[in-house]
Amino acid sequence: MQTNISETYKHTTEGQEAEQILRQCVHCGMCNATCPTYQLLGDELDGPRGRIYLIKQVLEGKQATQKTQTHLDRCLTCRSCETTCPSGVQYGRLLEIGRGIVEQQVARSWSQKLFRSALKNGLSNPRLFQHALRWGRRLKPVLPQQLQEKIPAITALTPSSHPIAAGQYQRRVILLEGCVQGSLAPNINAATKRVLQHLQVESIVATEAGCCGAVRLHLSDVSGAQAAARQNINAWWPIINQATESAQAEIAIVMTASGCGVTVKDYATLLAHDAAYAEKAKRISALTVDLSEYLMNFLPELIALVGGDIPQKLTWHAPCSLQHGQQVRGKLEKILASLGVDVRSCENSHLCCGSAGTYSILQPTLARQLRDNKIAALERTQPDIIISANMACQQHLQVATKIPVLHWIEVLDQAMDKLLTTTKESLAPILVAEQAETVVLPAQSSTSHSENASHAVNDKTKAALGPKTNLAKKKQSKKKSIKKKSPC
Ligand code: SF4
Ligand code: SF4
């Protein structure tokens, strides 16, 4: 596409970046076919090609209007158009630049400003959000329907019956707990830590780390998002530096919410022109992986721990931030297939569910339509559980269905816990016998099984559980060998 960028933006880094992106677009319109808002509204300006054209006009000097702002506001930033585009147009980045400029040219009403500011500050501050949620739960019956839907019931943490003692980790990862996930769905972080523990991976949470910046980006506050990125880099940098040479190769920043993942993976772009942070941001982005990408390294261990033990029918709702934003596709399906799970996906699985950060709050009508379409498609697959990888999608979808919507790691955690409990119970006599043996050898008793029973069970599970069908045989032969070894 030919461009004629105005003097105002021609010499700015953002203007130059936008021009490069615009020049890649050949205006073919293929992206419209997979754009959720174009499908719903049928207006060229509510599709990616039309929005690209609007941004081009503004960069070329045409004054943005409220109409321009409305069409850009209606974009979900789902980036489905990027997946479809044959020319590799980075629409998401172009929109970020375009929205920033339009925001400067078109003033919002005071009520909009106030509401957006409350969202920015309330959602991105975990403590503030926790307080607001507590009050929201108390006032829920008198709140408007739209807000009631955003306040879920209190989620009980699934207790781990198999805590693992610290100090025996093979690897370590940094986890970002998220600004709202800890309050709305705390079991996701807890389940992640438990599963990682069983894989002997230590989870480190930097208390100074906060919101990834996604909320501010959704609200066109680029400088606020950059400040959030800097804060997280400052929080993680000492941990990365402290790692020993060998451990450093192992360290990763693992994301349980794909909406945060896509933002942190983008820190390199967000801070590309910040001399003090550009290199650090590049390193942080390179170290960041989605949980499904990370657990791909542990397939044999996962098969040993939960292989064949997830009987429920699962349907996978792939968040846009994972499949389009991060371009991570097929990893979770591969993990679950290795575990013997028949995981399905629904019709039009490439389309957004309407959650999209703050979109479901700011564009409730469109968000509800998209949610209802998605739920209908998901329910047609008749699942026992709908699984996803982004807490915001889960909360948004759960409102419209009775089928539980969980993060997939919670399902894995439950299966792991169930199997470990079964194994622990069936191995109890063996453990008692082994403890009796260790009494004879005082030197070994300092690391006795009673002191670290959960590890003992875990190690035995790994050793004993090849194909699950062999478990009974292995337990039986272990009992026999203990009988033979017994001095009396
Ligand atoms: S963004 Fe890509 S698919 Fe859409 S009009 Fe431009 S070149 Fe075509
Ligand atoms: S990001 Fe999503 S909603 Fe926005 S233009 Fe692209 S496909 Fe359409």
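Anyway, here's the lowdown on the structure attached to this text. The shown structure was predicted, so the numbers you read here are calculated from the model rather than taken from an experiment.

What the rule picks out here adds up to 1 aromatic pair. A ring pair is formed by Tyr-294 and Phe-298, whose centres lie 5.5 Å apart and whose planes are at 50°; its orientation type is tilted. Phe-298 carries the same exposure label as Tyr-294, and that label is buried. Taking the ring centre of Trp-110 as reference, the NZ or CZ of Lys-113 above it sits at 4.5 Å. Its guanidinium or amino end placed over the ring of Tyr-277, Arg-230 lies 5.9 Å from that ring's centre, counting from NZ or CZ.

What follows concerns the site of ligand 1. Taken together, the residues surrounding ligand 1 are Cys-25, Val-26, His-27, Cys-28, Gly-29, Met-30, Cys-31, Ile-52, Cys-85, Pro-86, Ser-87 and Val-89. In this structure the site holding ligand 1 corresponds to the largest cavity.

Right, let's talk about helix α8 (residues 110-123) for a bit. Its 14 residues place the ends of α8 20 Å apart at the C-alpha level, agreeing with the 20 Å of an ideal helix rising 1.5 Å per residue. Those residues of α8 that fall on the buried side of the exposure criterion are Arg-116, Leu-119, Lys-120, Gly-122 and Leu-123.

Our next topic: the environment of Val-306. Among the secondary structure elements, Val-306 is positioned in helix α20 (residues 299-306). Classification of Val-306 by relative accessible area gives buried; the value is 0%.

Interaxial distance between helix α4 (residues 48-59) and helix α5 (residues 66-73) falls to 10 Å at its minimum, and their mutual angle equals 140°. Here α5 runs oblique to α4, going by the angle between their axes. For the crossing formed where α4 meets α5, the hand is left-handed. Touching Arg-51, Leu-54, Ile-55 and Val-58 of α4 are Thr-68, His-71 and Leu-72, all from α5. Per-class residue counts for the contact of α4 with α5 are 4 nonpolar, 2 polar and 1 charged.

With respect to the secondary-structure elements, Phe-115 resides in helix α8. By relative accessible area, Phe-115 is classed as partly exposed at 39%. For the pair formed by Phe-115 and Leu-362, sequence separation is 247 residues and the distance between their alpha carbons is 9.4 Å. With residues up to four places along the chain from it excluded, the contact list for Phe-115 reads Ile-361 and Leu-362.

Here we have 4 strands laid out as an open sheet, ordered β6-β5-β7-β8, and parallel in their pairing. The open sheet has two edge strands, β6 (343-345) and β8 (405-407), and neither has a second partner. Ignoring which end each strand starts from, the neighbouring axes of this sheet average 40° apart. Of the strand pairs in this sheet, strand β5 (residues 314-316) and β6 are connected by 3 bridges, and their pairing is parallel. Paired with Trp-316 across the two strands is Ser-345, which belongs to β6. Helix-sheet contacts for helix α25 (residues 391-398) involve β7 (385-388) and β8, and the interaxial angle to β8 is about 170°.

Throughout the structure, instances matching the rule amount to 22 salt bridges. The closest approach of N and O atoms between Lys-10 and Glu-7, which form a salt bridge, is 3.8 Å. Within this pair, Lys-10 and its partner Glu-7 are both found in helix α1 (residues 7-10), separated by 3 residues, close to a single helical turn. You can call Glu-7 exposed: its relative accessible area is 56%. In this structure, Lys-56 engages Glu-60 in a salt bridge whose closest nitrogen and oxygen atoms are separated by 3.2 Å. Overlapping salt bridges, with partners in common, bring together Glu-17, Arg-93 and Glu-96 in one network.

Conventions and cut-offs
Residues numbered from 1 in each chain as written. Chains lettered and ligands numbered in written order. Predicted model: local features only at pLDDT ≥ 70, side-chain atom pairs only at ≥ 80, totals over all residues. Heavy atoms only, no water. Phe/Tyr/Trp six-rings, centres within 6.5 Å; stacked < 30°, edge-to-face > 60°. Buried < 20%, exposed > 50% of the residue type's maximum accessible area, 1.4 Å probe, protein only. Lys NZ or Arg CZ within 6 Å of the ring centre and 35° of its normal. Near = heavy atom within 4 Å. 1 Å grid on protein atoms, 1.4 Å probe; cavity = no way out; pocket = protein on both sides within 12 Å on 5 of 7 lines; lining within 4 Å. Sits in = over half its atoms within 2 Å of the grid points. Helix = DSSP H or I, 4+ residues; strand = E, 2+ residues; numbered from the N terminus. Expected span 1.5 Å × (residues − 1). Axes fitted to C-alpha atoms, helices over the stretch in contact; angles between N-to-C directions. Parallel < 35°, antiparallel > 145°, perpendicular 65-115°, else oblique. Left-handed = near helix turned anticlockwise from the far one by under 90°. Contact = heavy atoms within 4.5 Å. Nonpolar A, V, L, I, M, F, W, Y, C, P; charged D, E, K, R; others polar. Pairing = 2+ DSSP bridges. Salt bridge = Lys/Arg side-chain N within 4 Å of Asp/Glu carboxyl O.

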